[in-house]
Amino acid sequence: MKIDPKKILRKLKRKPQTYKGQCGRILIAGGSVGYTGAPVLATLGALRSGAGLVTVAVPKKAYIPVAKQIKEGMPVPVADSKQGAFSETSLKELSKLLIPASVLAIGPGLSQKPGVAKAVQKLLTKVRVPTVLDADGLNSFIGKTALLSKAKAPLVLTPHPGELARLRGCGVRAIESNRTQAAKAAAKAFKSVVVLKGHQTVVASEKELYLNRTGNPGMATGGMGDVLTGVIAALMGQGLKPFEAAVAGVYLHGAAGDLAARQIGPI
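One structure accompanies this document, and this report is about it. In this text, all values refer to a predicted model and were calculated from it rather than measured experimentally. (Residues numbered from 1 in each chain as written. Predicted model: local features only at pLDDT ≥ 70, side-chain atom pairs only at ≥ 80, totals over all residues. Heavy atoms only, no water.)

Our focus in this paragraph is the packing of helix α4 (residues 91–98) against helix α5 (residues 116–126). Remark: α4 packs on α5, axes separated minimally by 11 Å, with the N-to-C direction vectors making an angle of 35°. Handedness of the crossing formed by α4 with α5: right-handed. Contacts between α4 and α5 involve L91, L94, S95 and L98 from the first element and A119, K122, L123 and K126 from the second. Along the lines of polarity and charge, the residues of the contact of α4 with α5 split into 5 nonpolar, 1 polar and 2 charged. (Axes fitted to C-alpha atoms, helices over the stretch in contact; angles between N-to-C directions. Helix = DSSP H or I, 4+ residues; strand = E, 2+ residues; numbered from the N terminus. Left-handed = near helix turned anticlockwise from the far one by under 90°. Contact = heavy atoms within 4.5 Å. Nonpolar A, V, L, I, M, F, W, Y, C, P; charged D, E, K, R; others polar.)

Structural data, given as structure tokens:
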């Protein structure tokens, strides 16, 4: 059966009496000293995609540069490590912020500083709401992928080929030689929806597959994945199932890139 992202998006039609609390309470956890733009871009992606409320949890040492760039989201400083990144000291506050959240997005700008991976691994054991795992959120599970398949929360993983290769313990060439099969195998292994980014992004679940046709080479720039993370999180917050949100998200993300290319050029 052909999957039509436009048909999926029609499910998002709002009633006149809709209020913000019904449109998703998104918690974005990310950022670190030196990587403050990523959570900002993820926040903007979520807000532009219809999220009702977006809370952005960032390490205290990265809070000010993030807060200065966010007008509609709600940045919250969280206890951090000496290196200005999440660590196990962050878990108590992150767990409290999860209580009202309907969706979690974790990864943009986390870095691979000491303590980050352990914090992400432990946080995932506490999460019960749909979760988008991106960037260094994914890198936190290298060599620990069994934890992904044991997660209680529905997961959407958004790796680029290098990240998926690291998770699978293989080379990038093995991923790129058959992207469809690589995404399907990962979805089965991790019991998750997998969004394998790149030219003709592949979205796979254990039972379904979608090959995206929107997007262009001008989107090959830092920050695009962070925006996509926010888009998918926002769509789940508005009621789409994880696979539906991933399909609609990559479609809209690429379509926006195509519109920009037509307006200002592909680069």
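The rest of the description comes next.
Approximately 810 Å³ is the volume found for the largest pocket. Lining the largest pocket are 39 residues, with K197, M219, T221, M224 and G225 sitting closest to its centre. Secondary-structure elements contributing two or more residues to the lining of the largest pocket are α2 (37–48), α6 (135–139), α8 (161–168), α11 (224–237) and α12 (242–264). Per element, the largest residue contribution to the lining of the largest pocket is 4 residues, and it comes from α11. Residues of the lining of the largest pocket, tallied by class, amount to 12 nonpolar, 21 polar and 6 charged. Here the second largest pocket is characterised by a volume of approximately 580 Å³. Lining the second largest pocket are 24 residues, with M224, V227, H253, A256 and G257 positioned closest to its centre. Those elements giving two or more residues to the lining of the second largest pocket turn out to be α2, α11 and α12. Element by element, the count of residues in the lining of the second largest pocket is highest for α12, at 7 residues. (1 Å grid on protein atoms, 1.4 Å probe; cavity = no way out; pocket = protein on both sides within 12 Å on 5 of 7 lines; lining within 4 Å. Points joined across faces, edges and corners; volume = space filled by probe spheres on them.)

Here we take up unusual backbone geometry. Positioned with a positive phi, K191 is a non-glycine residue whose angle comes to about 55°. Residues other than glycine seldom take positive phi values, yet Q200 does so here, at roughly 55°. With respect to the helices, strands and loops of the structure, Q200 is situated in the loop between β7 (193–196) and β8 (202–204).

Without other data, these values stay purely geometric and don't point to any function.
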